[in-house]
Structures are given as C-alpha cells and as structure tokens.
Amino acid sequence: MAETRTIGIFGAGWVGLVTGGCFAELGHEVIVRDVMPERIAALEAGRMPFHEADLPEVLERNRERIRYTLDADDLAEADALFICVQTPPTYSGDADLSYVWTALDHLPRVDRRQILVMKSTVPVGTGEKVRAALQARDLTEAGYVSNPEFLAEGHAVRDFLNPDRIVIGSFAEEDGAAVEALYDGIEAPVVRTDVASAEMIKLAANAFLMTRISFINEIANVCEAVGADVVEVAHGIGLDHRLGKHFLRAGIGYGGSCFPKDSLALKQLASNSGYHFQLLAAVIEVNELQKRRVIQKLQKHLGKLRGKKVALLGLAFKAGTDDLREAPSLVLASRLLAEGAEVRAWDPVARPGELMKGAVLSDTVLDAVRGADAAVIVTEWDELRGLASREVQEAMAHPLIIDGRNLLDPAEARSAGFAYEGIGRPSSPFEGLPETAEPEQRVSR
Ligand code: UGA
C-alpha cells in the first residue's frame, strides 16, 4: 500500500477521472478540478460523463477519498498535481497545448514543493518549456515530472492498476522518486528516465502500435491479391516471441482520440525539427486508404452505389466505447452518401447525430439490414457475431456481408447463404447483382 498523499488532478475528463479514481483506490486523497460546472455537478451527484467500464464502481467505492471542485485553489494542499487535460491537434498538426498553459495559469501559490506531473500526451520538449514557464513565474519550488498514460479505452482502469510499465521522467531525482512512491502497491517495472525520453516513449509507443496495424493491413491487402488469409498469417507471425501477437488484427483502419492525433503530432514534431518521418507518413496514409477499401469491395458486388441501401453495423471506433472520434464509420458513411447510397446505421451505444448527417439510425441490427443490399461490419461488437443468420439473410434484399473486422467465420457466412468479404481473406466470387441492377453496373471479378 502506498503512503497516503494528496493528489490534485487538472481535468475531469477520461484520463483525469481514471487517474484520480485509481489513485484513490491505492489509498490516496484525491481532488479533481475541472472548469465545467455541469461536469463537476454531475460527478458530485454520482453521474458519469462518459462510458468507461469499471470506472463508476471505482469512483463510487472511493467516494470518501475523492473531492470534485471548480476552484483551482483547492489544489493547494496537494503534494502532486497531475495535468490530465486535452491536447487536440491544431490545423498544422501540432498538439494544441492551450489547456496545459491554462492549467499552469491556475496553479495554486504554495510555499512548499509541489510536483507538477504531466499525464496528457504532449510533444517532446514540453517539459523544458513548462520548466522555463514555472521559473518565469517565480514558481521555483515546483517540480516537474513526465508520467505518460498508456490507458486504452474500455479497459483503462485495468490498464492503470495492472500496467506493463510505469514511465517516470524527471529533472530532479527526488521528484521522480516521489511520483514513483505514489504507485506503491502496483506491480510493474518502473522506467525512470529524463523528461524528453519519457515524452518520446509515449509518442513512440503509440506510433509503433499504429505501424503494426498499418503493416498488417497492407499484408491483408497483399493477401487479397495473392489468395492468402491474413488471419492465419497474423497468427503465424504473432507466435514469434520477437514479434508478439498484439495489434495484428487487420481491419478498416485505426481511429479514436489518440492514434490519429498522436501520429500527426509526432510527424509534425519531427518535421518541425527538420526531419521527414517517412515511415510514419506511410502509416498514416495506409490507414486513410484502408478506411476507403470497403467502398471498392461494395462496388465489386453491387456496381454503382447510387440508390443502393447499405447498413453500417457498429459506429464507435472500437467495441466497448461510445467514442466516435476519428471513427472509420464516419468516413465510410460520408463516402457512401457521396456515392449516392442510402445509409442505415446501428450501434449499441454510439449516437453520431450531426456527425452522420444523411444516415438513418436504426434501433436494431435487423432494422438496419432490412431491405439492404449490403451489411458492413464496422465495429467488432459481440452483438454482430451472429449476423450470418437466416433471419438477417431473409431480411436483406441482397445478402452481402463486408466484414471490416474479420469478426465472422467466412465459411459459415457463405454456407448460411451470404456473399462474404472480409479484410485480407479469400473473398466470395462475384455472384451477380440483384435483379434490379442495370447492366452497366455489373462488374466482373
Ligand atoms: C490507445 C493505446 O492502445 C493506449 O495504450 C494509449 O494509452 C491510448 O491510445 C492513448 O494514447 O491514450 P485506444 O485509442 O483507447 O488506446 O484504443 P486501442 O485499443 O489501442 O485501439 C486503437 C485503434 O486501433 C482502434 O481503432 C482499433 O480498432 C484499432 N486496432 C487495434 C486495429 O485496427 N487492429 C489491432 O490489432 C488493434
């Protein structure tokens, strides 16, 4: 068990609440500060502002140890102040640090050492800039530590309490040691390093994960051309302990609030320093093209998409979340609408609203696929595992499944009477268009 400390958190967003809740779980006193009154009021009333597994329970269990406030001066009693604010991309692709600077503007004035801990994902060099800013404001007693988060949506609490590693970059040894002590009770290797390297570890880890995804997506595309099955290939690759099995699921490309933004930020960071990060540029481009490949697969079977009814099944950028940020579903819907298709969409939790203007949201999978010429699996929700059913086959005008997540067994889907296309898997032969199709819409294999 860690020695009890008081921890202040700037930002009651996803990272801030997971961090605060988990530190309270370790026995610390936590004060979470946000600028949005309605968010603070909701949290005080026990209402969650977003969907994240286990987080409501953690916050509820530790209610006695967590306070929410709008007043940054309440953070004066904290031993460490974690900055957990957004760093969205600017037009130039750089990370927008304005929320970080605003948090600095609100730092409480104290006459003892307080450590500022950066959890938000920031460009390399931010720590140096913050240190200079603290000095310029005469906050010479404030320490600074970079302690990036490696939390994935949907299992962030688990990731916090059972991490692969804890990365702590500090200017002063004692500040790093003090932050390390906050994690007592968690079993994990601790990487103690300088601030710039800690900042780079976070960006490089995400970039490498994205590289694996774009790599396997390109292998998938080659598999399609040569008749191999990427699911088998990924399994065969992943058993090599030097390579590992994770992040080798081919699909319709990565999305979410982190990967797209962090890849741009790292590419931009490199080019601002005079270096063209070619590999990362390719990773990003492959991902953009990957989202659009579904359109070609639809065209292969349906010809022109004008007037065709397409059901998009799953809208969130991955299962287990209602997050639509940079979700491939948004690109797909907009491309399909631009081609003149009718788009029906279904998701168990994500509600796109204006983001998917022109698409009709259905309450059930069956409603979405009724009369459809194709059903596209966009998010790997468990509810879609049974999609290749008789009921669905009979409801569709043309029983075609494009499985953007390789969720179904191709042989089972075909024997259930569907034309089936996965990603990087042997595909169904072209089986003709629905009766109503115009002759010029026909395409050959
Ligand atoms: C990611 C990282 O996994 C976390 O370690 C990191 O802390 C976080 O970003 C962040 O920087 O804050 P997250 O965006 O929640 O977490 O989601 P992931 O589970 O990593 O998935 C990202 C995207 O990659 C999703 O669109 C997912 O569908 C896709 N993906 C993932 C694949 O296409 N194939 C795979 O094999 C794995």
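Worth saying up front: this structure is predicted, and the values here are computed from it rather than measured.

Draft legend 1. Focus on the overall build of the protein chain. Check the secondary structure of the protein chain and you find 15 helices and 14 strands. For a compact globule of 445 residues, the expected C-alpha radius of gyration is about 22 Å, and the protein chain comes in at 24 Å, within 12% of that figure. Along the three orthogonal principal directions, the C-alpha set of the protein chain runs to about 80 × 45 × 40 Å. Residues counted as buried form 52% of the 445 residues belonging to the protein chain. When the accessible area of the protein chain is evaluated, it comes to approximately 20300 Å², of which 51% is carbon and sulfur surface. Taking the average location of the 48 positive side-chain charges in the protein chain and that of its 66 negative ones, the two points are 5 Å from each other.

Draft legend 2. The arrangement of the site of the ligand in detail. Taken together, 19 residues sit near the ligand, with Glu-149, Glu-153, Lys-202, Asn-206 and Arg-405 positioned nearest. In the environment of the ligand, an oxygen atom lies 2.7 Å from a nitrogen or oxygen atom belonging to the side chain of Asn-206. Contact between the ligand and Gly-255: an oxygen atom at 2.9 Å from a main-chain N or O atom of the residue. Expressed as a share of its isolated accessible area of 710 Å², the protein-covered part of the ligand is 94%. Of all the secondary structure elements, the ones that give two or more residues to the shell around the ligand are α8 (195–226) and α10 (259–272).

Draft legend 3. Here's a closer look at the packing of α10 against helix α11 (residues 278–302). Packing of α10 against α11 leaves a shortest axis separation of 10 Å and a crossing angle of 150°. If you check the angle between α10 and α11, you find them roughly antiparallel. The handedness of the crossing between α10 and α11 is left-handed. Residues Ser-263, Leu-264, Leu-266 and Lys-267 of α10 pack against Leu-280, Ala-281 and Ile-284 of α11. Each residue belonging to the contact of α10 with α11 can be placed in one class, and the counts come to five nonpolar, one polar and one charged.

Draft legend 4. Molecular detail of unusual backbone geometry. Non-glycine residue Asp-54 carries a positive phi angle of around 70°. Here Asp-54 shows up in the loop between α2 (37–44) and α3 (55–61). For Asn-406, which is not a glycine, the phi torsion comes out positive at approximately 50°. Looking at the element boundaries, Asn-406 is found in the loop between β13 (400–403) and α15 (410–415).

Draft legend 5. Region of interest: the confidence of the model for the protein chain. Of the residues in the protein chain, 96% have a pLDDT of 70 or more, and the chain-wide mean is 93. Here residues 434–445 is modelled with pLDDT under 50, and outside its nearest four sequence neighbours on either side it reaches 15 contacts, counting other chains as well.

Draft legend 6. Representation of the side chain of Asn-62 in the model. Inspection of the secondary structure puts Asn-62 in the loop between α3 and β3 (66–69). Overall, the relative accessible area of 4% leaves Asn-62 in the buried class. Each residue touching Asn-62, except ones within four places of it in the same chain, is listed here: Gly-21, Ala-24 and Glu-25.

Draft legend 7. Summary view of the nonpolar core. With 57 residues, the main nonpolar core has Leu-298, Leu-312, Leu-313, Leu-336, Val-369 and Leu-387 as its most contacted residues. Residues in contact with Leu-336, not counting those within four places in the same chain, are Ile-295, Leu-298, Leu-305, Val-310, Leu-312, Ala-341 and Val-343. One finds Ile-40, Val-117, Ala-156 and Val-157 within the second-largest nonpolar core, a separate group that totals 37 residues.

Draft legend 8. Expanded view of the pattern of salt bridges. For the structure shown, the criterion picks out 28 salt bridges. Notably, a salt bridge pairs Glu-224 with Arg-293, separated by 2.7 Å at the nearest N-O pair. Separated by 69 residues along the polypeptide, Glu-224 in helix α8 and Arg-293 in helix α11 bring together distant segments of the chain. In this structure, Glu-394 engages Arg-390 in a salt bridge whose closest nitrogen and oxygen atoms are separated by 3.6 Å. A residue pair is termed a helical-turn pair when its members lie 3 or 4 positions apart in one helix, as Glu-394 and Arg-390 do in helix α14 (residues 390–395) at four residues. Accessibility classification places Glu-394 together with Arg-390 in one group, the exposed group. Put simply, Glu-224, Arg-293, Lys-297, Lys-300 and Glu-421 are held in one network by salt bridges that share partners.

Draft legend 9. Quick look at the pairing of strand β1 (residues 6–10). Among the five residues of β1, five are classified as buried, and the element is accordingly described as predominantly covered. Burial along β1 is two-sided: the face carrying Thr-6, Gly-8 and Phe-10 and the face carrying Ile-7 and Ile-9 are both buried. Sheet analysis places β1 next to strand β2 (residues 29–33), joined by five bridges and oriented parallel. Bridged to Ile-9 within β2 is Val-32. Each parallel crossover has a hand, and for β1 linked through helix α1 (residues 14–25) to β2 it is right-handed.

Draft legend 10. Examining the packing of aromatic side chains more closely. Inspection of the entire model under this criterion finds eight aromatic pairs. Ring geometry for Tyr-144 against Phe-171: centres 6.0 Å apart, planes inclined by 35°, an arrangement best described as tilted. Remark: Phe-171 occurs in the loop between β7 (166–170) and α7 (173–182) and Tyr-144 occurs in strand β6 (residues 143–146); sequence separation between them is 27 residues. We classify Tyr-144 as buried; its relative accessible area is 3%. Summarising the aromatic geometry, the rings of Phe-160 and Tyr-183 are spaced 5.8 Å apart at their centres and angled 25° between planes, so their arrangement reads as stacked. Remark: Tyr-183 occurs in the loop between α7 and β8 (190–193) and Phe-160 occurs in helix α6 (residues 156–161); sequence separation between them is 23 residues. Across the pair, Tyr-183 and Phe-160 agree in class, each one buried. Pairwise contacts between aromatic rings join Phe-23, Phe-82, Phe-160 and Tyr-183 into one cluster. Sitting above the plane of the Phe-171 ring, Arg-131 keeps its charged end 3.8 Å from the centroid. Above the plane of the ring of Phe-150 lies Arg-165, whose end atom (NZ or CZ) is 3.6 Å from the centre.

Calculation criteria
- Residues numbered from 1 in each chain as written.
- Predicted model: local features only at pLDDT ≥ 70, side-chain atom pairs only at ≥ 80, totals over all residues.
- Heavy atoms only, no water.
- Helix = DSSP H or I, 4+ residues; strand = E, 2+ residues; numbered from the N terminus.
- Rg over C-alpha atoms; globule rule 2.2 N^0.38 Å.
- Buried < 20%, exposed > 50% of the residue type's maximum accessible area, 1.4 Å probe, protein only.
- Areas by Shrake-Rupley, 256 points an atom, 1.4 Å probe, with all protein chains shown as cover.
- Lys, Arg positive; Asp, Glu negative; His and termini not counted.
- Charge placed at Lys NZ, Arg CZ, Asp CG, Glu CD.
- Near = heavy atom within 4 Å.
- Polar contact = N/O pair within 3.5 Å; in protein donor to acceptor, adjacent residues only side chain to side chain.
- Axes fitted to C-alpha atoms, helices over the stretch in contact; angles between N-to-C directions.
- Parallel < 35°, antiparallel > 145°, perpendicular 65-115°, else oblique.
- Left-handed = near helix turned anticlockwise from the far one by under 90°.
- Contact = heavy atoms within 4.5 Å.
- Nonpolar A, V, L, I, M, F, W, Y, C, P; charged D, E, K, R; others polar.
- pLDDT = per-residue confidence, 0-100.
- Core = buried A, V, L, I, M, F, W, Y, C linked by side-chain atoms within 4.5 Å.
- Salt bridge = Lys/Arg side-chain N within 4 Å of Asp/Glu carboxyl O.
- Pairing = 2+ DSSP bridges.
- Right-handed = clockwise from strand over helix to strand, strands pointing away.
- Phe/Tyr/Trp six-rings, centres within 6.5 Å; stacked < 30°, edge-to-face > 60°.
- Lys NZ or Arg CZ within 6 Å of the ring centre and 35° of its normal.

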